[in-house]
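Below are the chains, spelled out letter by letter.
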Amino acid sequence: MQPGQFPDDFVWGAATAAYQIEGAVDEDGRAPSIWDTFSHTPGKTWNGDTGDVACDHYHRWPEDVQIMRDLGLEAYRFSIAWPRVIPGGWGQPNPRGLDFYDSLVDALLAANITPFVTLYHWDLPQALQDRGGWANRDTVEAFLEYAEAVVQRLGDRVTHWITHNEPQVVAFVGHALGLHAPGLTDQRTALQVAHHLLLSHGRAVPLLRSARAGMQVGITLNLSPVVPASQQPEDQRAAALYDALINRWFLDPVFGRGYPQELLAQLGDLAPQMADNDLDMIAASLDFLGVNYYFPSYVRAVPPQQAPLGVATLTPEELAARGFELTAMGWPIVPDGLRDLLVHVHREYAPRAIYITENGAAFDDQVVDGAVQDQRRIAYLREHLLAASAAIQEGVPLRGYFVWSLMDNFEWAYGYSKRFGIVYVDYATQQRIPKASAEWYRRVIAENRVPLED
Ligand code: IFM
């Protein structure tokens, strides 16, 4: 294969998540999620933005599927809103909530687009949070009931399942940093939440797989290569510790290695409570690993009173001063980090298959004369796809790529201020405008390679 070429059966997709695009938060029996509560709490999101309307995808999904068809998408990764399916967290599934996904799946299949369904992309029913949320072990059982309801309804047509999206972000950003729902700032809780998320994943795997022969089940982890800010031994130690926290805390138990011992030792009584066979269940064998890659983390050692574990990441200003190009999120653009990461995960953990379930960038897109010329996004995608193709050359079993995101959407605490889409959304009119990157991605899919010229 030439550089930038992909295997014939490579899967080209785009991804979204329920709360970020659907809107319709009180329709057809949906009850509030923790993100409704959080986004409606003053001061929690940019400009007080909420997902109340978002991209109005709940009503406009036929138009959105047509956009996917025009792009030539082969797969679409979306998430199910738990509060539509089991609004109160426990009890009978809500058929009207499931109807929506039923119709969406049918339309995707009719368009030859393979659905990749994520069960949990952060919108926990508020009713479960009221009983302790993911810090409460009972939520694992509630998740299994929810998973059962979804697979009962969609499992005759959906083959690809992702249990969780980015449990690291759910646990740490939501429960230690307090920047995401439910907005807690307690390290012990965050670690307990991480454990319950992983446990619910491990227990859901056999449940999903047993619904029908041929099911493909995985989990999506956000992974970030960790680079010490200098060659000083203390920065190198800080980097190893940070890697154990943000990457290995999730990868190691999922691949049967338990939690990283050196970090457990550092955490002392902050370490999670677990039952005897939890780690065995978490290590359920996977059909694929979903990898979300955005950027490497550059870290240095700081006094422990300054940051947990005595580790700090370089700020966007420091990264810019070191010559990194940054996205609108302040994230450094390092395409080769993707190749490094994929090769490392393949050699270290040997997943059967890997999908890049998210990769993309926010830029300050402008509509000029009805068009969006997002050349920086095209360059970003081109470089990352070249890195992905290089990883395949090095033997990585990479089976597909999902751009984040199909369309601009509610970027959590940043509200609508950050645009990740290859399709622009005018939130005032809900008009969709495919950006130049959408046309470029259409060519990638059609040619199954990175185009030689833009
Ligand atoms: O928008 C998010 C998505 O929900 C999870 N992964 C990262 C994206 C960009 O921040």
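As shown above, the structure is provided for reference.
The following paragraphs examine the structure supplied in this document. In every chain, residue numbers begin from 1 and rise along the written sequence. In keeping with the model being predicted, local features are shown solely for residues with a pLDDT of at least 70 and side-chain atom pairs are shown and tallied solely at 80 or more, while totals for entire chains, interfaces and linings include all residues. Note that water and hydrogens are dropped before the side-chain values are worked out from all heavy atoms of the structure.

## Brief notes about the site of the ligand
Next up, step 1: Near the ligand, the surroundings consist of Gln 20, His 121, Trp 122, Asn 165, Glu 166, Tyr 294, Trp 331, Glu 358, Trp 404, Glu 411, Trp 412 and Phe 420.
Next up, step 2: Whenever a nitrogen or oxygen atom comes within 3.5 Å of another N or O atom, the pair is scored as a polar contact, on the condition that within protein one atom can donate a hydrogen and the other can accept it, and that pairs from neighbouring residues in sequence are kept only if both atoms are in side chains. The contact in question runs from an oxygen atom of the ligand to an N or O atom on the side chain of Gln 20, over 2.7 Å.
Next up, step 3: Between Trp 412 and the ligand, the recorded distance is 2.8 Å, taken from a side-chain N or O atom to an oxygen atom.
Next up, step 4: Under the convention used here, a 1.4 Å probe and the Shrake-Rupley method define accessible areas, while residue burial counts only the protein chains that appear. Contact with the protein chains covers 95% of the free accessible surface of the ligand, which is 280 Å².
Next up, step 5: Note on residue classes: Ala, Val, Leu, Ile, Met, Phe, Trp, Tyr, Cys and Pro are nonpolar, Asp, Glu, Lys and Arg are charged, and everything else, Gly too, is polar. Residue composition of the shell around the ligand, by class: six nonpolar, three polar and three charged. A cutoff of 4 Å decides nearness: a residue is near a molecule or strand if any of its heavy atoms lies inside that distance of it.

## Brief notes about helix H7 (residues 138–154)
Next up, step 1: Secondary structure elements follow DSSP: runs of H or I no shorter than four residues count as helices, runs of E no shorter than two count as strands, and numbering proceeds from the N terminus. Helix span is expected to be 1.5 Å times the residue number reduced by one. Over its 17 residues, H7 runs 25 Å from end to end, which matches the ideal 24 Å to within 8%, given 1.5 Å per residue.
Next up, step 2: Within H7, burial applies to Thr 139, Val 140, Ala 142, Phe 143, Leu 144, Tyr 146, Ala 147, Ala 149, Val 150, Val 151 and Leu 154. The buried label goes to any residue with under 20% of its type's maximum accessible area, the exposed label to any with over 50%, and the partly exposed label to all in between, with areas taken from a 1.4 Å probe on protein chains only.

## Remarks on the sheet that holds strand S6 (residues 226–228)
Next up, step 1: Whether two strands pair comes down to DSSP finding at least two bridges between them. Spatially, S6-S8-S9 is the arrangement adopted by the three strands of the open sheet, whose pairing is mixed. With partners counted over all chains shown, the strands left at the sheet margins are S6 and strand S9 (311–313), one partner each. In this sheet, adjacent strand axes meet at a mean angle of 40° when their direction is disregarded.
Next up, step 2: Sheet topology note: the strand S8 (residues 297–301)/S9 ladder contains three bridges and is antiparallel. Bridge assignment links Arg 300 to a residue of S9, and that residue is Ala 312.
Next up, step 3: Here, two residues are considered to be in contact whenever any of their heavy atoms come within 4.5 Å of each other. Note on definitions: angles span 0 to 180 degrees between N-to-C directions of axes, and those axes are lines fitted to C-alpha atoms, for helices only across the stretch in contact. In the packing of helix H10 (residues 233–254) onto the sheet, contacts are made with S6, S8 and S9, and the angle to S8 comes to roughly 125°.

## Some remarks on the nonpolar core
Next up, step 1: Nine residue types can take part in a nonpolar core, namely buried Ala, Val, Leu, Ile, Met, Phe, Trp, Tyr and Cys, and a core is a set of them joined through side-chain atoms within 4.5 Å. If you look at the biggest cluster of nonpolar residues, it comprises 160 residues, and the most contacted ones within it are Trp 82, Tyr 120 and Trp 161.
Next up, step 2: Beyond its immediate sequence surroundings of up to four residues, Trp 161 is in contact with Val 117, Leu 119, Val 150, Val 151, Leu 154, Gly 155, Leu 208, Met 215, Gln 216, Val 217, Gly 218 and Phe 288.

## A look at the side chain of Arg 77
Next up, step 1: Here Arg 77 is to be found in strand S2 (residues 75–79).
Next up, step 2: Looking at Arg 77, its side chain comes within polar contact range of the side chain of Glu 358, at 3.1 Å.

## Here we look at the sheet that holds strand S3 (residues 114–120)
Next up, step 1: With parallel pairing, the eight strands of this closed barrel are ordered in space as S1-S2-S3-S4-S5-S7-S10-S11. Taking the axes of each pair of neighbouring strands and ignoring which way they run, one obtains an average angle of 25° across the sheet.
Next up, step 2: The sheet contact formed by strand S1 (residues 11–15) and strand S11 (residues 398–404) spans five bridges and is parallel. Across the sheet, the residue bridging to Trp 12 is Tyr 401, located in S11.
Next up, step 3: Most of the contacts of helix H16 (residues 436–447) go to S1, to which it runs at about 155°, and overall it touches S1 and S11.

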